[in-house]
Amino acid sequence: MKNIATYFFAGSLAFSALSCESQKTVKNTETTMNTAQNADAKIPAHLADNPLMYKSPLQYETPQFDKIRDEHYRPAFEYGLKIHQQEIEQIANNPETPSFSNTIVALEKSGEILGRAQSVFYNLNGSDTNPTMQKISQDFAPIFAEHSDRIYLNDLLYKRILVIKADNLDAEGKRLLQHYRENFEKAGAALPPAKKAELKKINKELAALSTKFGNQLLEARKNAALIITDVRELDGLTEDQIAAAAAAAEKAGQNGKYLISLQNTTQQPLLASLKNRATREKLFKASWYRAEKGDANDTRKTVEQLAKLRLKKAQILGKKNFAEWKLQDQMAKNPEAAMNLMKQLAQPAIETAKREQADIQALINQQGGNFKVEPWDWDFYAEQVRKAKFDLDENEIKPYFELTTVLEKGVFYAAEKFYGITFKRRTDIPVYHPDVMVYEVFDWDGKSLALYFLDFYTRDSKQGGAWMNNFVEQSHLLGKKPVVVNCYNYQKPAPGKPSLISYDNVETMFHEFGHSIHGIFADQKYATLSGTAVPRDFVEFPSQINEHFALEPEILKNYAIHYQTKKPIPQDLVDKIKRASTFNQGYRTTELVSAAMVDMDWHTVTSESQLKPVLEFEKASLAKNGFTLSAVPPRYHSPYFSHIFGGGYSAGYYAYIWSETLDADAWEWIKANGGITRENGDRFRKYILSVGNSKDLNEAYRDFAGRNPDIKPLLRNRGFIK
């Protein structure tokens, strides 16, 4: 996913007062605070050694991770807030006639120190946190929310924006002016004073609760890791997987035992391999109940408080519910359009899942199993059904997918073929963790485009899932090139062992790189409209379309190389993977759509009386929408649904489905027009990847494909129609 709730007013704009693109508004700048550029700058003496006070001297202002320490964040935030507030007051009280230059561009140039400190902090707080950082995050969430409100609820500032004329602006300038007007109004700038005061209070509470949820969930996930004492319970795992579990247990102080860490989702990868049904059940339940144990890390009360406050916020802002407020600047525009799309997928997905369940139950019965299939059984027996139907064994595939080879000869190779770009490993750039790698990205003409960080392995200090973010946002106005990071949660192999990943993880790597290439190809004057600063239901489009490269014959044969024999993957195995591509899609689509509908139900309530305790509410939502297959749980259970309660996807998890509709239709266009050619790559870059949010994205899609998107390619991809 694209991590859109991590920085600039991270606790505050993650508060959902602004859309994902506006989370970067008034963030980056060129100020006179850099003593290297302005000898008269007055950085206080006690901050002179703080590297967050100055532009990094490293390439593209890459953060100086070798110099930044935990003790630098709090003073950088405090000073950055002070300076930014002074800048905002100067803009709002400027006696000159309001103009695009002295108001909008001035806002774009404000907040340099604060933005830099937040960018580093919130990226690292997600990927390598500690108790000190968690406390800072908790403390500053309401402070940043209050700071954001001082900007977006500032009457003088709003009035200046209203009188600025767009007549002499270029297209991007007009778009930026429109963006500011709409986002100030969405944030409540036009409200009367009493309503603004009430909204400010709610925003502070929401920021604190969202941060609390994230911290609770991180600890809950860590504490719920499954400890196994008898290696026989791990029957079905490979020697390398068992060794990795032993190493993880030893690191956790559980010598002689085996530790299985939890991933973000409901289902856990090892469930497909574990032969011991009791172990599978323990692992599944460790995942399902991770955040509902009645302890300090139980998130249910936090979820209920968030839902209530979001409803209050939306109604103060004149909307029936939170989703109506949230979606007004998205491609869907309203919750009804999002729900309509999901309903078109839900019914065929559920019917397909029922047939898949019948196949699994038949296999269980055939093997003499005297039990009904449960969620912890699905992946284990689905894998056997897949083997029987398609003669495809995941353990047969994995040796062909060594992590670095997939990256360099797969992901990078595909980008070179389609876009002409190349990559060079950099070992001279400081990193924030020893596992992190850095590459420099070069355009087709040899010009340097960006720096690209990769952080592959899971650890207790990292939030779950996989994501992309920016350490530095692209902006021609500010002379900035992008510094991008991809984070994953792959299991680190035992020392000396290869890092072999599943085909699902291969797709994830291509997916997240799709976000990165969106950021790398950013080509905007203004950071607010740059790169991935687009509506939620568009931001997943570039990442999802990039997944298609993984199975393209020319690409696959280049990276799917056996780590021992060095031979490419045989064609018969490739054919099996392709034939199995629609296998289990009923399950996968049902778990995704059910989670998206639960999200939408949480955020379309119109009265507090409709809100129930978390488990009761979720159960009612699933039943109402027809998700009654007990063996197919939602991809995320509400107590650990971090996308919507700790991140920026509230009322927006449908975005994956909306974006996949665009992706399937666009890929069909590419295949019909010559496939992986530089001409098609240049076209996709020109009309989709490089436009950021500088134009209406429905129009941008039509510019690329010459038509509006059609859902039929998506239904075909999932095997629901021929």
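Residues numbered from 1 in each chain as written. Predicted model: local features only at pLDDT ≥ 70, side-chain atom pairs only at ≥ 80, totals over all residues. Heavy atoms only, no water.

**Focus: the packing of aromatic side chains**
Operational definition: Only rings of Phe, Tyr and Trp enter the pairing, Trp through its six-membered ring, and a pair is recorded when the two centres are within 6.5 Å. The plane angle decides the type: under 30 degrees is stacked, over 60 is edge-to-face, the rest tilted. Counted as over-ring charges are cases with an Arg CZ or a Lys NZ within 6 Å of the ring centre that also lie within 35 degrees of the ring normal.
Under the defined criterion, the tally for this structure stands at 56 aromatic pairs. Ring pairs connect the aromatic residues Tyr73, Phe77, Phe121, Tyr122, Phe140 and Phe144, which therefore count as one cluster. Of note, Arg310 hangs over the ring of Phe322, and the distance from its end group to the ring centre comes to 5.6 Å.

**Side note on the UniProt feature "domain: Peptidase M3A/M3B catalytic" (unreviewed entry) in the chain**
As a reminder, the rule being used: UniProt positions are given in the numbering used here, feature names are shortened, and annotations may be inferred rather than shown by experiment. Helix and strand assignments follow DSSP, with helices taken as H or I runs no shorter than four residues and strands as E runs no shorter than two, numbered in order from the N terminus.
On the UniProt side, "domain: Peptidase M3A/M3B catalytic" (unreviewed entry) is annotated at positions that read residues 271-719 here. Helix makes up 50% of residues 271-719 and strand 8%, and the two end C-alpha atoms of the span are 24 Å apart.

**Thoughts on the nonpolar core**
Keep this limit in mind: As used in this record, nonpolar core signifies buried Ala, Val, Leu, Ile, Met, Phe, Trp, Tyr and Cys residues forming a set joined through side-chain atoms within 4.5 Å. Burial classes: relative accessible area under 20% of the type maximum marks a residue as buried, over 50% as exposed, and values in between as partly exposed (1.4 Å probe, protein chains only). Throughout, a contact is declared for two residues whenever any of their heavy atoms are within 4.5 Å.
Judged by nonpolar contacts, the single largest core of 205 residues is most densely connected at Phe401, Phe456, Met509, Phe510, Tyr559 and Trp602. Looking at this core, the element that brings in the most residues is helix α13 (residues 335-366), giving 12 residues. Other than its neighbours up to four places away in sequence, Met509 contacts Leu403, Val406, Leu407, Val411, Phe456, Tyr488, Tyr490 and Ile501. Grouped together as the second largest cluster of nonpolar side chains are 22 residues, Ile91, Leu107, Leu157 and Tyr526 included.

**Re the pattern of salt bridges**
Rules: One speaks of a salt bridge when a side-chain nitrogen belonging to Lys or Arg is within 4 Å of a carboxyl oxygen belonging to Asp or Glu.
Summed over the entire model, instances satisfying the criterion amount to 41 salt bridges. Two residues, Asp391 and Lys576, come together in a salt bridge whose shortest N-O distance is 2.9 Å. On the criterion of sequence distance, the pair formed by Asp391 in the loop between α14 (375-390) and α15 (394-397) and Lys576 in helix α21 (residues 571-579) is long-range, its members being 185 residues apart. Judged by its relative accessible area of 9%, Lys576 is buried.

**Looking at the layout of surface pockets**
Stated precisely, the cut-off is as follows: Both site types are read off a 1 Å grid over the protein atoms alone. A 1.4 Å probe that fits but cannot get out defines a cavity, while an open set with protein on both sides within 12 Å along at least five of seven lines defines a pocket; lining residues have an atom within 4 Å of a point. Grid points are joined across faces, edges and corners, and a volume is the space filled by probe spheres set on the points. An automatic or database domain assignment supplies the residue ranges for each domain.
Of the voids in this model, the second largest pocket is the one considered here, and its volume is about 550 Å³. Around the second largest pocket, the lining comprises 21 residues; the ones closest to its centre are Ala247, Ala248, Lys251, Thr458 and Arg459. Where the lining of the second largest pocket is concerned, the elements lending two or more residues are α8 (193-223) and α9 (239-251). Element by element, the count of residues in the lining of the second largest pocket is highest for α9, at four residues. Composition of the lining of the second largest pocket by domain shows at least three residues from each of domain 2 (224-289) and domain 3 (398-568).

**Section: the domain arrangement of the chain**
To keep things clear, this is the line we draw: Buried area: the accessible surface (1.4 Å probe) lost by two parts on joining, summed over both.
If you check the domain split of the chain, you get domain 1 (52-189), domain 2 (224-289) and domain 3 (398-568). Here the C-alpha centre of domain 3 lies 28 Å away from the C-alpha centre of domain 1. In this complex, domain 1 contributes 25 residues to the contact, which on the side of domain 3 involves 35 residues. Here domain 1 meets domain 3 over a buried area of about 2,500 Å², counting both sides, of which 59% is carbon and sulfur. For the pair domain 1 and domain 3, the number of links is two salt bridges.

**Observations concerning the side chain of Asp329**
Threshold: Residues adjacent in sequence count toward polar contacts only when both atoms are side-chain atoms; beyond that, a polar contact is any pair of N or O atoms within 3.5 Å, and within protein one must be able to donate a hydrogen and the other to accept it.
Along the chain, Asp329 turns up in the loop between α12 (322-326) and α13. At 3.1 Å, the side chain of Asp329 forms a polar contact with the side chain of Gln330.

**As for the side chain of Gln474**
Note that Gln474 resides in the loop between β6 (467-472) and β7 (483-490). Taking relative accessible area as the criterion, Gln474 reaches 4% and is therefore assigned buried. Only 3.4 Å separates the side chain of Gln474 from the side chain of His476, close enough to count as a polar contact. Of note is the side chain of Gln474, whose polar atom sits 2.7 Å from the side chain of Ser530.

**Brief notes about helix α3 (residues 100-108)**
Of all nine residues in α3, seven are buried, a share of seventy percent or more. Those residues of α3 that fall on the buried side of the exposure criterion are Phe100, Asn102, Thr103, Ile104, Val105, Leu107 and Glu108.

**Let's talk about helix α4 (residues 112-127)**
Put simply, the rule is: Here the expected length of a helix is defined as 1.5 Å per residue gap, with one fewer gap than residues.
Taking 1.5 Å of rise per residue, the 16 residues of α4 would be expected to cover 22 Å, and the 23 Å separating its terminal C-alpha atoms lies within 8% of that figure. Of all 16 residues making up α4, 16 are buried, and the element is well covered by its neighbours.

**Things to note about the packing of α13 against α14**
The cut-off we apply is this: Interaxial angles span 0 to 180 degrees and are taken between N-to-C directions of axes, which are lines fitted to C-alpha atoms, for helices over the stretch in contact. Oblique is the label for any angle not covered by the other classes, which are roughly parallel (under 35 degrees), roughly antiparallel (over 145) and roughly perpendicular (65 to 115). Residues were grouped as follows: Ala, Val, Leu, Ile, Met, Phe, Trp, Tyr, Cys and Pro as nonpolar; Asp, Glu, Lys and Arg as charged; and all remaining residues, including Gly, as polar.
In contact at an axis separation of 9 Å, α13 and α14 are set at 90° when each is read in the N-to-C sense. By the angle class used here, α13 and α14 are roughly perpendicular. Residues Ala353, Glu356, Gln357, Asp359, Ile360, Leu363 and Ile364 of α13 lie in contact with α14, whose contacting residues are Trp378, Tyr381, Ala382, Gln384, Val385 and Lys389. A per-class count over the contact of α13 with α14 returns eight nonpolar, two polar and three charged.

**Regarding the pairing of strand β5 (residues 448-457)**
Put simply, side chains in a regular strand alternate between the two faces of the sheet. For clarity, the threshold we go by: Paired strands, as defined in this entry, are two strands with at least two bridges between them according to DSSP.
Taking burial as the measure, the 10 residues of β5 include 10 buried ones, the bulk of the element. The sheet contact formed by strand β4 (residues 437-442) and β5 spans six bridges and is antiparallel. Looking at β5, one finds that Phe442 is bridged to Ser448. Linkage of β4 to β5, two consecutive antiparallel strands, is achieved through a turn of five residues, within which Gly446 is found at a positive phi near 90°. By the bridge criterion, six bridges tie β5 to β7 in an arrangement that is parallel. Its bridge partner lying in β7, Leu454 is registered against Asn486.

**Some points on the environment of Lys55**
Residue position: Lys55 is located in the loop between α1 (10-13) and α2 (70-92). When the C-alpha atoms of Lys55 and Ile113 are compared, they prove to be 8.5 Å apart, with 58 residues separating the residues in sequence.

**Topic: the sheet that holds strand β3 (residues 422-426)**
Within the open sheet, the five strands sit side by side as β3-β4-β5-β7-β6. Their pairing is mixed. A strand with exactly one partner marks an edge of an open sheet, and here the two such strands are β3 and β6. Strand-to-strand twist in this sheet, taken as the mean axis angle between neighbours without regard to direction, amounts to 30°. Direction of pairing for β3 relative to β4: antiparallel, over a ladder of five bridges. Bridging across to β4, Thr422 finds its partner in Phe442.

**Some points on the packing of α2 against helix α5 (residues 131-152)**
Taken N-terminus to C-terminus, the directions of α2 and α5 make an angle of 5°; their axes are 11 Å apart at the nearest point. Comparing the axis directions of α2 and α5 gives the class roughly parallel. Contacts between α2 and α5 pair Asp70, Tyr73, Arg74, Phe77, Glu78, Leu81, His84, Gln85 and Ile88 from the former with Thr132, Met133, Lys135, Ile136, Asp139, Phe140, Ile143, Phe144, His147, Arg150 and Ile151 from the latter. Looking at the contact of α2 with α5 residue by residue, the class counts come to 10 nonpolar, four polar and six charged.

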